[in-house]
Amino acid sequence: MTEQLYYQLNDDGTGFAFIGGEPEYFRSLTELHQMGVEYFPAGYELFEVTSENWQSLYDSGVFDNDQCDY
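Let us look at the structure shown here.

Calculation criteria
- Residues numbered from 1 in each chain as written.
- Predicted model: local features only at pLDDT ≥ 70, side-chain atom pairs only at ≥ 80, totals over all residues.
- Heavy atoms only, no water.
- Helix = DSSP H or I, 4+ residues; strand = E, 2+ residues; numbered from the N terminus.
- Pairing = 2+ DSSP bridges.
- Axes fitted to C-alpha atoms, helices over the stretch in contact; angles between N-to-C directions.

1. A few points about the environment of Ser28
So, step 1. Its location among the elements puts Ser28 in the loop between strand 3 (22–26) and helix 1 (29–39).
So, step 2. Taking the C-alpha atoms as reference, Ser28 lies 22 Å from Val62; in sequence the two are 34 residues apart.

2. Quick notes on the sheet that holds strand 2 (residues 15–19)
So, step 1. Strand order in this open sheet of four strands is 3-2-1-4, and the pairing throughout is mixed. At either margin of the open sheet sits one strand with a lone partner, and together these are strand 3 and strand 4 (44–48). Across the sheet, the axes of successive neighbouring strands diverge by a mean angle of 35°, strand direction being ignored.
So, step 2. Two elements, strand 2 and strand 3, share five bridges in a ladder whose sense is antiparallel.

Pasting the structure below:
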């Protein structure tokens, strides 16, 4: 089953992936993909968080801490 991996990218190529409601820092897109494989071995789809979609994602619970055992 493919999971959504939400991430926010900074201008310098670093950013944060939101895993289990917690932000996880990454230094490059390669590292982001490594995190995706580690946390979602069955597959993942990247979904960028932007200033335009942040509020709707927040309202839908994307950033809620789901207490997973990642």
